[in-house]
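Chain by chain, the residues:
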Amino acid sequence: MNFGKPPVHSAGHIRVHSVLYGNELDRIITTVKHLNRAADLAIAAGAAESVTLIYGDSSPHPLFSDEDVARLKSECYAIANIEYHFFDSNLGSALGHNTLLAAAANSLTAGVAVDSVLIMNPDVMLAPDALIELARPLFDTKVAMVEARQLPIEHPKEYNRSTGETGWATTACALIPFAVCQELGGFDNESFFLYCDDVDFSWRARIEGYKIIYQPSATAFHDKRLDKRGRWAPTHSERYYSAEAALLMAHKYSRPGILKDLLKQFADSPEDHIRLAAANFLQRKEEGRLPAPIDPGHKVSVFDGPFYTKHRFEL
C-alpha cells in the first residue's frame, strides 16, 4: 500500500519459520544477517517486541552444527533466539511448516509469547525496513497474511493499489498472525507437498472472511535461477510438484472441468515427470486419498489459465 500508509503497528513477538533442504550454509548465514538488521530496526521502531528464528531442516544430512548455531546467536544480537531442528526426513513445505507451527503452539502453552509468524524461504534476504512494512497492515484484525514484494523478480499477480488486497499470498515471505494459523489448522499437508499450500491457505482464510494483503513497500531479495532469456528456470522436480499441485487445486476447489483438461494435457505431455504427476493423481483418487472438494460456489477461488489470480504482466 503506497497511499494512506497506516502508522507503525506492532506484530508483537514474531517467530520466523524457514524450512531448509540442501541449502548452502554461507547463503543461509547471509539471510540471517539481513534478518538481524531488519529485526533491530523493527524492534527500535515498535513494529516488533521480539524476533526469534526457527529453522526446520529436511535435508538428508544436517546443514548446521551446534557450533554454527552458537556462532550465529553470538553475531545476531537483535534476534532473541535461534533454534535449529533437523527433521531427518524430507517433509516438504506444508508438513515442514506445520511441524514448526506445532512447536510454536507448544511454546505458547509453556508461556512463551507468540503473536505472529513470518514464513520465509531460506534464500530470501529482507530489506532493513521489511518487518516494519510487513507489520503495518496488521492493525486490521481481518488481515490474515501480508506478503513482501520479491526482487529482482516481482510476483506478477494483480492486487488493489489502494488497499493492497490480493487473491493469495506466497509464503516465500509472508507475515501471518499466529491466531490465524491456529484457526485454520495450519497448512493442508495431506494434499500438498511443495507448491500451492500457500494458495490453499490464503483461499481458506478468505472463505473465513479474512483479507490477504500484498505490501510492495516491504521488499525482499529472493534468489532465483534464470534462463538465458531472463525467465525463471524451474527444475524437473519443481515442474513435477507444480503439476501435482495444479491437479489437486482444481479438484479441491470444485473445478471438475479444469481438472479434466489438466489431466488430458499432462497425460499427453512429452515430459516424463508431468505424465507421472497425472498418473499419481489418478492413483490417489483410486485409493481415496484426495481432499474433499470445497468452495463449490467459487466464492474465493480463481483459475486464470495456469494461474490462481489475474496477473499484471507476463513472467
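Please refer to the structure placed before this passage.
Residues numbered from 1 in each chain as written. Predicted model: local features only at pLDDT ≥ 70, side-chain atom pairs only at ≥ 80, totals over all residues. Heavy atoms only, no water.

**Examining the nonpolar core**
The condition that has to hold: Here, the term nonpolar core denotes a set of buried Ala, Val, Leu, Ile, Met, Phe, Trp, Tyr and Cys residues that are joined through side-chain atoms within 4.5 Å. A simple rule labels every residue: compare its accessible area, found with a 1.4 Å probe on the protein chains alone, to the largest value its type can have, and call it buried under 20%, exposed over 50%, or partly exposed in between. Segments assigned H or I by DSSP are reported as helices when at least four residues long, segments assigned E as strands when at least two residues long, and all are numbered from the N terminus. Pairs of residues are marked as contacts when any of their non-hydrogen atoms sit within 4.5 Å.
Within the largest apolar cluster, 42 residues are counted, with the highest numbers of intra-cluster contacts made by Val32, Leu118, Leu126, Leu131 and Cys173. The dominant element in this core, judged by the number of residues it contributes, is helix H1 (residues 25-45), at 7 residues. Ignoring anything within four residues of it in the chain, the contact list for Leu126 reads His34, Leu35, Ala38, Leu118, Met120, Leu131, Cys173, Thr219 and Ala220. Membership of the second largest hydrophobic core comes to 26 residues, among which are Tyr240, Leu259, Ile274 and Tyr308.

**Things to note about the state of the cysteines**
What counts here: When the sulfur atoms of two cysteines come within 2.5 Å, that pair is taken as a disulfide.
Using the criterion set out here, one finds 0 disulfides in the structure. Here Cys76 stays free of any disulfide, with the sulfur of Cys173 as its closest cysteine sulfur at 17 Å.

**Comments concerning unusual backbone geometry**
A cis amide bond, omega 5 degrees, links Leu151 with the succeeding residue Pro152. By the secondary structure assignment, Pro152 is in the loop between strand S6 (143-151) and strand S7 (173-177). Even without being glycine, Ser254 reaches a positive phi, approximately 60 degrees. Tracing the chain through its elements places Ser254 in the loop between helix H7 (236-252) and helix H8 (256-267). Positive phi outside glycine occurs at Asp295, with the angle close to 50 degrees. Tracing the sequence through the fold places Asp295 in the segment after helix H9 (272-286).

**Observations regarding the pattern of salt bridges**
How we decide: A side-chain nitrogen of Lys or Arg and a carboxyl oxygen of Asp or Glu constitute a salt bridge if their distance falls within 4 Å.
Here the structure, examined in full by the defined rule, presents 16 salt bridges. Among the charged side chains, a salt-bridge network with shared partners connects Asp188, Asp200, Arg204 and Lys252.

**Thoughts on the sheet that holds S6**
Heads up, the condition is: By definition, two strands form a pair when at least two bridges between them are found by DSSP. Angular values range over 0 to 180 degrees, each being the angle between N-to-C directions of two axes fitted as lines to C-alpha atoms, with helices fitted over their stretch in contact.
Overall, mixed pairing links the 8 strands, which are arranged S3-S2-S1-S4-S7-S6-S8-S5 in an open sheet. Looking along the sheet, the strands with just one partner apiece sit at the ends: strand S3 (81-86) and strand S5 (124-126). Going from strand to strand, the sheet's axes swing by 30 degrees on average, the running direction of each strand aside. With 2 bridges joining them, S6 and S7 adopt antiparallel strand pairing. Within S7, the residue paired with Val146 across the bridge is Leu175. Contacts from helix H3 (residues 92-109) reach strand S1 (13-20), strand S2 (50-57), S3 and strand S4 (116-120), with the element oriented near 145 degrees to S1.

**Details of the packing of H7 against H9**
Threshold: In a left-handed crossing the near helix is turned counterclockwise from the far helix by less than a right angle, and in a right-handed crossing that turn is clockwise. Throughout, the ten residues Ala, Val, Leu, Ile, Met, Phe, Trp, Tyr, Cys and Pro are labelled nonpolar, Asp, Glu, Lys and Arg are labelled charged, and all others, Gly among them, are labelled polar.
Between H7 and H9, whose axes approach to 9 Å, the crossing angle comes to 40 degrees. H7 and H9 meet at a crossing whose hand is right-handed. When H7 is examined against H9, the residues His236, Arg239, Tyr240, Ala243, Glu244, Leu247, Leu248 and His251 are found in contact with a partner set consisting of His273, Ile274, Leu276, Ala277, Ala278, Asn280, Phe281 and Arg284. Per-class residue counts for the contact of H7 with H9 are 9 nonpolar, 4 polar and 3 charged.

**With respect to the packing of aromatic side chains**
Given two aromatic rings, one states the distance between the centres and the angle between the planes to describe the pair. This is how it is decided: Classification of ring pairs rests on two measures: the distance between centres of Phe, Tyr or Trp rings, Trp counted by its six-membered ring, which must be within 6.5 Å, and the angle between planes, read as stacked under 30 degrees, edge-to-face over 60 and tilted in between.
Taken as a whole, this structure holds 10 aromatic pairs when the rule is applied. Plain terms: the ring middles of Trp203 and Phe303 are 5.7 Å apart, the flat faces sit at 70 degrees to each other, and that makes the pair edge-to-face. Separated by 100 residues along the polypeptide, Trp203 in helix H6 (residues 197-207) and Phe303 in the segment after H9 bring together distant segments of the chain. Comparing Trp203 with Phe303 shows no difference in burial state: the two are buried.

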